[in-house]
Amino acid sequence: MFRDPLHAGVASFALALGMLASGAAHAQTSTTPASTDRAGPQGAARDGAGAASDIIVTGTHIARPELQSTMPIRVITTEDARNFGRNTVYDTLLLNPAVGPGLGEMNSLGQEYDQGVANINLRQMGANRSLVVVDGHRWVSGGARTSAVDLNTIPTALIDRIETVTGGAAAIYGADAVTGAVNIIMKKKMSGLNLTATSGISGEGDARQSDFSVATGFDFGGGRGHFVIGGNYSDTAPLATLDRTTKRYVYQVNPRNTGPNDGIPDNYLIDYHQFYRSHFPTFCIIGTAGMCGNQNGQWYQLINNQVVAIPKSSYNVVSNGDTGVQDGGPDSAFGIYDSILLRGKSARASAYSNLSYELTPAITWNAVFGYAHSYSRGNAEWPQYRDDARATNWWGKNGVGTTGEIARLTDPYLPDTLRDFMVSNNLTQISFDRHYTNIPTPWEIHKRNAITTGTDIGGDLTGKLNWQAFVRYGQVVDNITTRNAVGRDEWLNARDTILLDGQVVCRDPAARAAGCAPFNYYTTDAPSQAWIDYAEKERYERTKNTMINAGANIDGSLFSLPYGDVSIAAGFEWRRETLRTRDDPDTAKLADIVWSPGMDMALHPALEHRRDTTEFYGEAVIPLLRDLPFARRLEIEGAVRWSHYSDNPNGTTWKAGGSWEPVTGLTLRGTYSHSIRVPNFGELFSPISMVTLGHISDPCQAGLITQDDDRAANCAATVPNWTGPLPNPNLNQPRVFSGGNPDLTPETSNSFTVGVVLQPRFLRGFDLTVDYWDIKIDNVVTSLAYTTLMNSCVNASGGPDQAYCQFVHRDPVTGEVDYVQAQYANLAGQRARGIDIGANYRVPIGAGEMRLGFSGTYLLEQTTISQVGSAGTDNSGAWNYPRFKGTLITSYSLGKFTLGVNTRMISAAKYSATAQSDETYEIPRIPAYFMNDITLNIRATDKYMFSFGVKNVSDKRPPFFLQDTPTTPHQTVGNNTGNAYYDAIGRYFFVKVDASF
């Protein structure tokens with residue numbers, strides 16, 4: 001198992017924390033009441049509104065019962081999540097159907113900056129628009145180019161529950177809460193010692209995970225003081241893509257297609273091979289030419305020093321040439337997944353403490369401290385070194401192009417069998433293609449250290465008003481190491497060999513003096529340690545985020561009206577956020593290891609920026625009627641927040657809403673919110689970077705141009721010197737530019753929710769919520785994939801869509817794509833709307849009790865609008881924007897035993913919501929997805945509880961054509977696949993032990 005000193009230190013830290021906690025006094029554990037009576041995503045029904053266990057603050061500064069909130073709120077307890085083997089904040093939040101995957105362990109590999117982070121995406125409208133707070137206070141960002149909170153930086157041992165409010169919450173929490181906010185509630189009081197250990201493994205015998213938590217607390221000072229501390233350690237084993245799939249199924253243009261509506265699928269699934277990416281030396285020849293160029297020749301491989309022809313009957317040609325695509329072929333000619341991970345290696349350790357003391361009967365002081373360390377190791381931006389037979393490519397010194405590997409008769413490493421083959425075929429040289437999976441895999445390793453500390457003081461101001469002042473400081477430092485990066489100059493020196501005094505050596509005397517060790521590119525054996533020491537280097541980067549946040553507020557009852565007190569909250573906040581990133585200071589080394597195509601790393605220019613924000617806010621809840629016929633409760637509320645930014649225009653956000661309970665058990669509620677989000681540091685100031693691609697899927701190329709009815713006419717209107725479809729694959733090497741845009745302007749958002757809450761008296765223990773929601777964002781800040789920009793340009797009806805075409809630049813002579821500007825820009829807008837449903841029921845059955853907790857969301861629209869006045873593109877109903885998602889948790893408790901079932905539902909979906917018709921793709925629709933987890937909890941004694949569980953009992957996997965992992969550089973590995981949306985691990989067994997003393 002891979003370990004390093006810092007990683008090993010994580011385990012030592014966890015052990016030391018456990019020893020510290022073991023010295024605590026032995027007593028019964030007590031946690032907040034809310035963690036004892038909830039069932040699943042929304043929580044079990046409660047007996048009576050307004051009980052102490054119901055008081056929460058998410059979505060408002062005014063405490064009130066959850067079901068009296070005017071905005072939809074979902075509550076998940078860590079107890080419920082852990083019972084089903086979900087031990088991280090990220091996994092817990094995914095139980096809420098309104099939460100989509102942002103970046104997580106299944107889709108962050110290959111990230112250019114933020115590999116190994118975990119952030120969520122409320123309403124699938126962008127992680128930067130989803131705010132995460134802890135006990136109502138902001139948490140420092142954990143990304144190098146994003147404002148999103150890295151959930152792995154939040155200590156988990158003392159988390160009691162997680163509350164999520166969806167809809168505009170910017171008036172309450174400020175910018176970034178455009179689509180809602182997640183409030184993580186920590187335990188403040190407990191006594192005794194709690195220990196929890198969970199360990200699991202998949203049905204395949206891999207994908208191991210373990211999690212250990214310890215928490216303790218005590219009172220002091222005659223009950224005036226309280227102290228709690230907890231720690232957690234978790235470890236996740238890596239999982240290779242080849243451990244779940246040995247085939248890559250990809251849609252390709254159907255050569256039999258004659259156009260739309262011809263009854264022939266426009267795209268069909270192929271057993272995707274690219275022989276030139278094989279892990280064996282591979283070559284294509286025609287006659288006496290040592291390469292095929294753009295023709296269809298005969299492919300060979302050098303396997304164990306034997307020249308083996310690839311039978312043409314074993315595959316179909318999708319595209320010709322040395323870098324073409326094949327449908328099928330032998331396993332020896334499939335090397336794409338050899339080094340790609342489905343899930344990376346990770347380990348986390350964290351601790352959190354809270355100290356409170358009643359200074360006087362009217363004043364209480366509180367202090368918190370948290371620390372989290374996370375380690376992740378996964379694929380670099382491009383996990384494999386490669387070269388191919390193109391006459392001029394990336395293997396050039398100082399930018400001077402040269403060829404890939406060439407077998408020559410004078411080469412001292414040339415195997416006799418290949419020499420004989422060349423002589424018999426009148427070949428003097430052969431151009432090789434291959435992936436070098438035999439050299440150490442490039443790994444990107446992130447070691448993040450997060451610290452948060454703060455204090456607050458507050459108490460009674462008058463009989464009905466309270467006051468509080470606080471300060472919080474947080475920082476996240478990410479030290480990044482990229483290992484096994486091959487220096488280009490060292491590579492070229494090592495492959496250029498001669499025979500000297502009977503030994504194979506590097507040709508260049510200066511290189512030999514510098515330690516050059518020869519490289520044999522004919523073999524799949526591992527290279528010598530001398531070559532590794534000479535050619536491979538490490539890259540060191542560092543990112544630091546900080547935030548200091550201070551403020552003061554008052555809340556409580558201001559005065560009384562005939563039907564109740566007017567509740568208010570008012571205050572101010574000031575915060576300073578900073579981001580500082582640094583690449584490796586050794587510029588000569590960077591010039592040697594960063595190039596593309598080839599290794600396909602990118603330079604990461606320094607970014608340093610600071611933002612100061614000052615905000616004033618106020619909120620009020622006004623009771624209008626109470627305990628009258630058809631007006632058991634009628635109240636209105638409003639909130640406003642004014643924000644001053646040091647680097648953006650000032651902004652005002654507000655919300656207004658109300659609730660009406662005409663009769664007991666029936667409540668109508670609604671809220672309208674106006675939000676503003678200023679662009680974050682990455683969107684504004686990321687330096688412009690450029691990558692060069694070998695291939696690009698130009699929609700005006702042969703085959704691709706028939707994918708949409710409008711493409712032919714739009715391509716003719718936009719491509720210079722148009723004479724018909726462009727070559728496929730392209731003959732040039734296009735560039736893609738990405739980065740920030742200092743000219744961005746703030747987004748504005750309007751959101752609306754209206755719903756009903758039912759708590760019928762005749763069905764004790766039952767509650768139901770149904771809410772319609774609508775979020776519209778104008779002037780939306782986004783960075784679209786270069787393929788999306790190109791396709792959207794020519795897929796528009798009525799002519800090319802200039803909102804996208806302006807970013808696609810073509811060669812004025814050939815018409816091929818020269819470069820694409822995939823930088824951040826303001827588009828017209830986004831809109832999403834749907835219906836949320838939540839239901840809870842608790843009922844005695846026999847000698848036991850059954851609990852049901854259901855949460856679901858039905859998506860009506862998910863539209864991106866490029867130009868004001870245009871209809872936009874609605875993606876609702878696609879597999880990554882399904883119409884319906886739901887979670888149902890069912891449990892039955894009888895004595896010492898509790899049996900639980902967690903059912904996850906995803907509706908049937910389209911492969912592409914924007915497909916011209918069902919003929920566009922061979923399999924246009926994806927069936928509904930149901931996955932069940934089961935768990936059995938046994939309360940052996942008052943101190944010990946044992947749990948046995950199985951996740952994904954039926955071993956349900958993603959559809960086979962959604963398991964693909966992108967193999968193009970600078971795409972997030974797994975990000976555009978089903979692995980982040982469906983369960984790619986499969987059936988998983990776990991055990992959990994809880995001990996309380």
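Conventions and cut-offs
Residues numbered from 1 in each chain as written. Predicted model: local features only at pLDDT ≥ 70, side-chain atom pairs only at ≥ 80, totals over all residues. Heavy atoms only, no water. UniProt positions renumbered as here; feature names shortened; annotations may be inferred. Helix = DSSP H or I, 4+ residues; strand = E, 2+ residues; numbered from the N terminus. Buried < 20%, exposed > 50% of the residue type's maximum accessible area, 1.4 Å probe, protein only. Contact = heavy atoms within 4.5 Å. Disulfide = S-S within 2.5 Å. Arc of directions from axis to C-beta. Pairing = 2+ DSSP bridges. Axes fitted to C-alpha atoms, helices over the stretch in contact; angles between N-to-C directions. Core = buried A, V, L, I, M, F, W, Y, C linked by side-chain atoms within 4.5 Å. Domains from an automatic or database assignment. Salt bridge = Lys/Arg side-chain N within 4 Å of Asp/Glu carboxyl O. Phe/Tyr/Trp six-rings, centres within 6.5 Å; stacked < 30°, edge-to-face > 60°. Lys NZ or Arg CZ within 6 Å of the ring centre and 35° of its normal. Patch = residues over 30% accessible without salt bridge, like charges linked within 9 Å, V, L, I, M, F, W, Y side chains within 5 Å. Areas by Shrake-Rupley, 256 points an atom, 1.4 Å probe, with all protein chains shown as cover. Polar contact = N/O pair within 3.5 Å; in protein donor to acceptor, adjacent residues only side chain to side chain.

Where an unreviewed UniProt entry is consulted, the protein appears under the name Vitamin B12 transporter BtuB, with the organism given as Edaphosphingomonas haloaromaticamans. In its Subcellular location (unreviewed entry) section, the UniProt entry covering the protein states "Cell outer membrane". UniProt lists a comment for the protein under the heading Sequence similarities (unreviewed entry), and it reads "Belongs to the TonB-dependent receptor family."

Enquirer: Can you help me understand the overall build of the protein in this one?
Expert: Each helix and strand counted, the protein has 13 helices and 55 strands in total. Classification of the 997 residues of the protein by burial places 58% in the buried group. For the protein, the proportion of contacts with a sequence separation of at least 24, taken over those separated by at least 6, is 71%.

Enquirer: Explanation requested: the state of the cysteines in the structure shown.
Expert: By definition, a disulfide links the sulfur atoms of two cysteines through a covalent bond. Tallying each qualifying case throughout the model produces four disulfides. Shown here for the protein is a disulfide pattern of 1-2, 3-4, 5-6, 7-8, where each number marks a bonded cysteine counted in sequence order.

Enquirer: Explain helix H11 (residues 711–718) to me, please; I cannot follow it from the model alone.
Expert: Here H11 has its buried residues at Arg711, Asn714 and Cys715. Down the axis of H11, the smallest arc covering the buried residues is 100°, so these residues share one side. Exposed residues pointing more than 90 degrees away from the buried face of H11 are listed as Ala713 and Ala717. Of the surrounding elements, those touching the buried residues of H11 are helix H12 (786–794).

Enquirer: How should the sheet that holds strand E44 (residues 817–821) be read in this particular structure?
Expert: Hydrogen bonds along the backbone pair up the strands of a sheet, which may run parallel or antiparallel. With mixed pairing, four strands are arranged side by side in an open sheet as E38-E39-E44-E43. With partners counted over all chains shown, the strands left at the sheet margins are strand E38 (689–692) and strand E43 (808–810), one partner each. Pairwise comparison of adjacent strand axes, ignoring direction, gives a mean angle of 20° for this sheet. Relative to E44, E43 runs antiparallel, the two sharing three bridges. The residue bridging Arg810 from the neighbouring strand is Val817, located in E44. Against the sheet, H12 makes contact with strand E39 (735–738), E43 and E44, and its axis sits at roughly 110° relative to E44, the strand it touches most.

Enquirer: What's the story with the nonpolar core in this structure? I'm lost.
Expert: One recurring pattern in soluble globular proteins: nonpolar side chains tend to sit buried together. Counting residues in hydrophobic clusters, the biggest one holds 35 residues, and the most contacted among them are Leu418, Ile430 and Trp531. At the level of elements, strand E16 (282–285), strand E17 (298–303), helix H5 (416–424), strand E29 (465–486), helix H6 (488–495), helix H8 (529–535) and helix H9 (587–593) are the ones that each hand at least two residues to this core. In this structure, this core is formed jointly by two domains, domain 1 (56–242 + 343–379 + 445–481 + 541–678 + 746–783 + 823–996) and domain 2 (272–339 + 380–444 + 482–540), each of which donates at least three residues. Here Ile430 is in contact with Phe283, Gly290, Glu405, Ile406, Ala407, Leu418, Phe421 and Met422, once residues within four sequence places are set aside.

Enquirer: Can you help me understand the pairing of strand E8 (residues 159–166) in this one?
Expert: Among the eight residues in E8, eight count as buried, and that is most of the element. Summarising the sheet, strand E3 (residues 73–77) and E8 pair through five bridges and their orientation is antiparallel. The partner of Thr77 across the bridge, within E8, is Arg161.

Enquirer: So what exactly am I meant to see when it comes to the environment of Ile159 here?
Expert: For Ile159, the location among the structural elements is in strand E8. If we skip the residues at most four places from it in the chain, Ile159 touches Thr78, Val89, Ile184, Ile185, Met186 and Lys187.

Enquirer: When you look at H6 in this model, what are you seeing that I'm missing?
Expert: Two residues of an α-helix separated by three or four positions point the same way, owing to the 3.6 residues in each turn. For H6, a buried count of seven out of eight residues is recorded, marking the element as mostly surrounded by other parts of the structure. Within the span of H6, buried status applies to Arg488, Glu490, Trp491, Leu492, Asn493, Ala494 and Arg495.

Enquirer: Honestly, the pattern of salt bridges in this entry has me stumped. Any pointers?
Expert: Think of it this way: side chains of opposite charge can pair up when their charged atoms draw near. By the definition in use, this model includes 50 salt bridges. Between Lys247 and Asp331 there is a salt bridge, with its nearest N and O atoms 3.8 Å apart. Taken together, the positions of Lys247 in the loop between strand E13 (239–240) and strand E14 (249–253) and Asp331 in the loop between strand E20 (325–328) and strand E21 (341–343) put the pair 84 residues apart, joining distant regions of the chain. Assessed through its relative accessible area of 27%, Lys247 is described here as partly exposed. The closest approach of N and O atoms between Asp698 and Arg810, which form a salt bridge, is 2.8 Å. With Asp698 in the loop between E38 and H11 and Arg810 in strand E43, this residue pair connects regions lying 112 residues apart in the sequence. When sorted by exposure, Asp698 lands in the same class as Arg810, which is buried. Connected via shared salt-bridge partners are Arg626, Arg632, Arg633, Glu635 and Glu661.

Enquirer: Would you mind showing me how to read the packing of aromatic side chains here?
Expert: What describes a pair of aromatic rings is the distance from one ring centre to the other and the angle between the planes of the rings. Summed over the entire model, instances satisfying the criterion amount to 32 aromatic pairs. Here the aromatic cluster, defined as three or more aromatic residues joined through ring pairs, consists of Tyr249, Tyr251, Tyr911, Tyr921, Phe960 and Phe961. In this structure, Arg123 is placed above the aromatic ring of Trp773, and the distance from its NZ or CZ to the ring centre is 3.8 Å.

Enquirer: Can you help me understand the pairing of E3 in this one?
Expert: One face of the sheet, then the other: side chains in a regular strand alternate in exactly this way. For E3, a buried count of five out of five residues is recorded, marking the element as mostly surrounded by other parts of the structure. Side-chain alternation along E3 places Ile73, Val75 and Thr77 on one buried face and Arg74 and Ile76 on a second face that is also buried.

Enquirer: How should I be thinking about the sheet that holds strand E7 (residues 137–138) in this particular structure?
Expert: Taken in spatial order, the five strands of this open sheet run E3-E8-E9-E6-E7, and their pairing is mixed. The two strands at the open ends of the sheet, each matched to only one other strand, are E3 and E7.

Enquirer: What should I look at first to understand the environment of Pro662 in this one?
Expert: With respect to the helices and strands, Pro662 occurs in strand E36 (residues 651–663). With a relative accessible area of 10%, Pro662 lands in the buried category. Sequence separation between Pro662 and Arg632 is 30 residues, and the spatial gap between their C-alpha atoms is 5.5 Å. With sequence-adjacent residues up to four places away left out, Pro662 is seen in contact with Phe630, Ala631 and Arg632.

Enquirer: So what exactly am I meant to see when it comes to a nonpolar patch on the surface here?
Expert: Together, Phe897, Leu899, Leu936, Tyr944, Phe946, Phe948, Val991 and Val993 make up a nonpolar patch on the protein surface, roughly 660 Å² of accessible area in all. Contributions of two or more residues to the nonpolar patch are made by strand E50 (897–906), strand E54 (944–951) and strand E55 (988–996).

Enquirer: Sorry, what's going on with the side chain of Arg633 here?
Expert: Turning to its location among the elements, Arg633 is positioned in strand E35 (residues 631–645). Of note is the side chain of Arg633, whose polar atom sits 3.3 Å from the side chain of Glu635. Those residues in contact with Arg633 that lie beyond four places of it in its chain are Gln68, Leu625, Arg626, Ser659, Trp660, Glu661 and Thr667.

Enquirer: Is there a simple way to explain the side chain of Ser751 in this structure?
Expert: Relative to the helices and strands, Ser751 is located in strand E40 (residues 747–758). Discounting residues that sit within four places of it in the chain, Ser751 has contacts with Gly167, Gly168, Thr671, Tyr672, Ser673, Asp774 and Ile775.

Enquirer: Could you clarify how one ought to interpret unusual backbone geometry in this entry?
Expert: Leaving glycine aside, a negative phi is the common case for residues, and trans is the common case for peptide bonds. Positioned with a positive phi, Asp501 is a non-glycine residue whose angle comes to about 55°. Position of Asp501 relative to the elements: it lies in the loop between strand E30 (497–500) and strand E31 (503–506). The backbone of Asn721 shows a phi angle near 55°, a positive value even though the residue is not glycine. Its location among the elements puts Asn721 in the loop between H11 and E39.

Enquirer: Any chance you could explain the environment of Tyr357 here in plain terms?
Expert: Structurally, Tyr357 is set in strand E22 (residues 345–360). Between the alpha carbons of Tyr357 and Phe220 there is a distance of 8.8 Å; along the sequence they are 137 residues apart. Contacts of Tyr357, omitting those with residues within four sequence positions, involve Phe220, Arg224, Gly225, Ile363, Thr364 and Trp365.

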